[in-house]
Amino acid sequence: MKILIANIGSTSFKYRLLDMTTEATLAKGGFERVTDYGDAIEKSLAEMKASGALPRLEELAAVGFKTVLAKNVLGCAELTEDVLKAMEEMNEVAPSHNPPYIAGIRKFREKLPRTPMVGLFETAWWMNAPEAAKRYAVPEQWAEWGVRRYGFHGASHRYIAERVAKLLGGSNLRVISCHLGGSNSIGATLGNRGMGNSLGMSPQSGLPHNNRVGELDSFAIPFLMKTHGLTIDQIVRSMNKEGGLLGISGVSNDVRDIVAAAQQGNERAKLAMEVFAHDIRHWIGAYLVQLNGADAIVFTAGIGENNAQLREMVCTNLDWFGIRLDVAKNEAYQRGQESVISADDSRTKIMVLPTNEEIVVAREVKKLLENRK
Ligand code: ADP
């Protein structure tokens with residue numbers, strides 16, 4: 001069974017073709033600065049045909065997507081017109097994510113009208129979290145309208161939790177996973193159950209992101225509007241494009257540039273990394289309490305796997321919990337490996353694991369197709 005996973009960004013398109021009998025990757029590729037998803041899809045299908053990975057389109061069992069958020073759609077779902085409309089209803093909450101996905105999925109449906117399109121929503125892993133972890137202290141009516149903590153990055157946190165269970169053995173493990181990339185979140189998983197995620201109602205919440213705001217007291221918004229005359233559109237734009245690590249550092253939305261500037265003495269860049277580490281520790285602390293400890297704290301994604309200095313800033317001074325980093329192992333870590341970087345006597349294993357969101361999506365898509373039969 002061949003399943004194509006499409007990863008659609010606002011200006012990028014990446015794909016991976018998987019053989020779900022063996023879970024092997026048959027082909028992968030992608031395009032940056034994409035202006036026309038139809039064109040990117042055509043080119044991708046042509047590449048897969050030319051390489052022999054997908055000689056005939058009929059061989060494709062489904063196209064799977066790591067969709068973000070839809071109104072009242074949880075888990076894994078076939079992307080019918082109704083589901084696309086339910087995604088559209090949440091555009092305001094996921095303005096950088098939902099519109100490109102919807103456009104890309106519509107193009108795929110045009111090109112491959114007989115192939116099922118299936119989405120695994122990023123909220124899925126958290127849908128069974130305790131109600132107390134999902135509820136904001138808002139009026140009941142707001143909660144009914146969907147103002148609640150959904151949590152995102154579900155495919156990545158799930159992959160990490162399952163990988164930890166394989167590598168460490170044992171059941172009902174307590175895993176705190178730190179997905180640090182373009183968007184950032186900390187997740188808590190107990191055994192097979194996602195317990196909580198630092199992302200809340202929108203993918204702009206929780207930790208600071210590359211250029212998106214992260215947590216903010218909601219009363220800042222009327223203050224900016226009424227006292228400083230900003231319009232809601234100006235505020236949303238700033239929260240979405242001029243906030244996060246870019247907003248604090250004033251340098252870049254890429255951590256590599258921020259680290260380089262900090263090394264040259266740029267104080268705002270230094271502060272950006274300090275805020276980032278502080279907030280990651282804040283969430284790790286919250287989940288250490290919620291899970292009554294942790295068997296593993298795991299770093300993953302572009303920053304989590306590449307930035308040893310940040311990992312050290314996060315894992316320092318946790319002796320009281322019995323959590324101790326091995327500084328040399330941390331520095332020696334090479335991307336791509338699955339490694340334990342804690343000291344031998346650390347009560348919690350600190351690990352770096354490459355994530356694999358595509359395989360989680362593909363497995364759920366396969367399950368949905370099999371259940372349909
Ligand atoms: P996305 O969420 O867009 O997939 P990634 O997981 O690729 O993002 O993470 C992007 C972030 O990872 C950027 O801030 C970048 O600085 C950081 N990053 C990527 N590669 C490296 C590297 N080799 N060294 C340090 N940081 C890196």
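For the structure, see preceding data.
Conventions we followed
Each chain carries its own residue numbering, running from 1 in the direction its sequence is written. Local features in this predicted model are restricted to residues of pLDDT 70 or higher, and side-chain atom pairs are both shown and tallied only at a pLDDT of 80 or more, whereas totals for entire chains, interfaces and linings draw on every residue. Where side-chain values are given, they derive from all heavy atoms of the structure, hydrogens and water being excluded. Secondary structure elements follow DSSP: runs of H or I no shorter than four residues count as helices, runs of E no shorter than two count as strands, and numbering proceeds from the N terminus. What the globule rule says is 2.2 Å times the number of residues to the power 0.38, and the radius of gyration is computed from C-alpha atoms. Burial classification: accessible surface area is computed with a 1.4 Å probe over protein chains only, and a residue below 20% of its type maximum counts as buried, one above 50% as exposed, and the rest as partly exposed. All accessibility values rest on the Shrake-Rupley procedure with a 1.4 Å probe; residue burial counts only the protein chains present in the view. A pair of Phe, Tyr and Trp rings is counted when the ring centres sit within 6.5 Å of each other, with Trp represented by its six-membered ring. The angle between the planes then sorts it: under 30 degrees is stacked, over 60 is edge-to-face, the rest tilted. Strands are labelled as partners when DSSP assigns at least two bridges between them. Here the axes come from fitting lines to C-alpha atoms, over the contacting stretch only for helices, and the angles between their N-to-C directions go from 0 to 180 degrees. For this analysis, residues touch if any pair of their heavy atoms sits within 4.5 Å. Throughout this description, the term nonpolar core refers to a set of buried Ala, Val, Leu, Ile, Met, Phe, Trp, Tyr and Cys residues connected via side-chain atoms within 4.5 Å. By definition, a salt bridge exists where a carboxyl oxygen of Asp or Glu is found within 4 Å of a side-chain nitrogen of Lys or Arg. By convention in these notes, a residue is near a molecule or strand provided one of its non-hydrogen atoms lies within 4 Å of it. Polar contact is the term for a pair of N or O atoms within 3.5 Å; when the atoms are in protein, one must be able to donate a hydrogen and the other to accept it, and sequence-neighboring residues count only if both atoms are side-chain atoms. Residue polarity is assigned by list, with Asp, Glu, Lys and Arg as charged and Ala, Val, Leu, Ile, Met, Phe, Trp, Tyr, Cys and Pro as nonpolar; anything else, Gly included, falls into the polar class. By the definition adopted for this analysis, an angle is roughly parallel if under 35 degrees, roughly antiparallel if over 145, roughly perpendicular if from 65 to 115, and oblique otherwise. Left-handed describes a crossing whose near helix is turned anticlockwise from the far helix by less than a right angle; the clockwise case is right-handed.

Student: How should I be thinking about the overall build of the chain in this particular structure?
Tutor: For the chain, the count of helices and strands is 15 helices and 12 strands. Relative to its length of 373 residues, the chain is compact, with a C-alpha radius of gyration of 21 Å against a globular reference of 21 Å. Oriented by its inertia axes, the alpha-carbon framework of the chain measures out at about 55 × 55 × 45 Å. By the burial criterion, 50% of the 373 residues in the chain qualify as buried. Approximately 17,700 Å² of the chain is accessible, and the part contributed by carbon and sulfur atoms is 50%.

Student: Looking at this structure, I do not really get the packing of aromatic side chains. What am I missing?
Tutor: Aromatic rings in a pair are described by how distant their centres are and how their planes are angled relative to each other. Tallied over the full model, the rule gives five aromatic pairs. Measuring from ring centre to ring centre gives 5.8 Å for Trp-283 and Tyr-287, while their planes differ by 40 degrees; the resulting arrangement is tilted. Separated by four residues within a single helix, Trp-283 and Tyr-287 lie in helix H11 (residues 267-290), roughly one turn from each other. For the pair Trp-283 and Tyr-287, a shared accessibility class is recorded, and that class is buried. Between Trp-320 and Phe-321, the ring centres sit 5.2 Å apart and the planes meet at 90 degrees, which makes this aromatic pair edge-to-face. Here Phe-321 falls in the partly exposed class, since its relative accessible area comes to 34%.

Student: Sorry if this is basic, but what is going on with the sheet that holds strand S1 (residues 2-8) here?
Tutor: The strands that make up a sheet pair up through hydrogen bonds in the backbone, lying either parallel or antiparallel. Pairing is mixed across the open sheet formed by six strands, whose spatial order is S3-S2-S1-S4-S6-S5. Here the strands that pair on one side only, and so sit at the sheet edges, are strand S3 (24-31) and strand S5 (76-78). Along the sheet, successive strands turn relative to each other by an average axial angle of 20 degrees, direction set aside. Across five bridges, S1 lies against strand S4 (residues 60-65) in parallel orientation. Each residue of the ladder has a partner; that of Leu-4, found in S4, is Val-63. Docked against the sheet, helix H3 (residues 98-111) engages S1, strand S2 (13-19), S4 and strand S6 (117-120), running at close to 145 degrees with respect to S1.

Student: Which parts of the structure should I look at to understand the nonpolar core?
Tutor: Generally speaking, a soluble globular protein has its nonpolar side chains buried in company with each other. Counting residues in each nonpolar core, the largest one holds 38 residues, and the members touching the most others are Ile-176, Leu-180, Ile-186, Ile-280, Ile-284 and Leu-310. Ranked by residues supplied to this core, first place goes to H11 with 10 residues. Core analysis: the next-biggest nonpolar cluster, separate from the first, contains 34 residues, Tyr-37, Leu-45, Ala-86 and Met-87 among them.

Student: Please clarify how the pattern of salt bridges should be interpreted in this entry.
Tutor: Oppositely charged side chains can form a pair if their charged atoms are brought close together. In the structure shown here, the tally under the stated rule is 28 salt bridges. Glu-59 is the salt-bridge partner of Lys-2, the closest N and O atoms lying 2.7 Å from each other. Residue Lys-2 is located in strand S1, and its partner Glu-59 is located in the loop between helix H1 (37-50) and S4; the two are separated by 57 residues in the primary sequence. Relative accessible area serves as the criterion here: at 17%, Lys-2 is assigned to the buried category. Here Arg-256 ties to Asp-254 by a salt bridge, and the two come within 3.0 Å at their closest N and O atoms. Through salt bridges that share partners, Glu-23, Arg-158, Glu-162, Arg-363, Glu-364 and Lys-367 make up one connected network.

Student: Hey, could you run me through the site of the ligand in this one?
Tutor: Around the ligand sit Gly-181, Gly-182, Asp-254, Val-255, Arg-256, Ala-301, Gly-302, Ile-303 and Asn-306, and that is every residue in its neighbourhood. At 3.0 Å, a backbone N or O of Gly-182 approaches an oxygen atom of the ligand. Between the ligand and Arg-256 there is a distance of 3.2 Å, counted from an oxygen atom to a backbone nitrogen or oxygen. Protein contacts shield 61% of the accessible area of the ligand, which totals 570 Å² for the unbound molecule. In terms of residues, the shell around the ligand owes the most to one element, helix H12 (residues 301-306), which gives four residues. Here the shell around the ligand is built from residues that sort into three nonpolar, four polar and two charged.

Student: What is the right way to read the packing of helix H2 (residues 81-88) against H3 from this model?
Tutor: Between two packed helices, both the angle of their axes relative to each other and the distance between the axes serve to describe the pair. For the pair H2 and H3, the least separation of the axes is 10 Å and the interaxial angle reads 160 degrees. As summarised for this structure, H2 and H3 are arranged roughly antiparallel, according to the angle between their axes. The element H2 and its partner H3 pack so that their crossing is left-handed. Two secondary-structure elements touch here, H2 through Glu-81, Leu-84, Met-87 and Glu-88 and H3 through Asn-98, Tyr-101, Ile-102, Ile-105, Arg-106 and Arg-109. Here the contact of H2 with H3 is built from residues that sort into five nonpolar, one polar and four charged.

Student: Is there a simple way to think about the sheet that holds strand S10 (residues 296-300) in this case?
Tutor: Here six strands make up an open sheet; going across it, the order is S9-S8-S7-S10-S12-S11 and the pairing mixed. The sheet terminates laterally at strand S9 (193-197) and strand S11 (339-340), the two strands that pair on one side only. Across two bridges, the pairing between S11 and strand S12 (residues 349-352) is antiparallel. Residue pairing in the sheet places Val-340 in a bridge with Met-351 of S12. Set on the sheet, helix H13 (residues 308-315) makes contact with strand S7 (174-180), S10 and S12; between it and S10 the angle comes to about 155 degrees.

Student: Just checking my understanding: could you explain the packing of helix H6 (residues 154-168) against helix H15 (residues 357-372) for this structure?
Tutor: At a closest axis distance of 8 Å, the pairing of H6 and H15 adopts a crossing angle of 95 degrees. Between H6 and H15, the angle is such that the two are roughly perpendicular. Of H15, the residues touching H6 (which contributes Ala-155, Ser-156, Arg-158, Tyr-159 and Glu-162) are Glu-357, Ile-359, Val-360, Val-361, Arg-363, Glu-364 and Lys-367. Class assignment for the residues of the contact of H6 with H15 results in five nonpolar, one polar and six charged.

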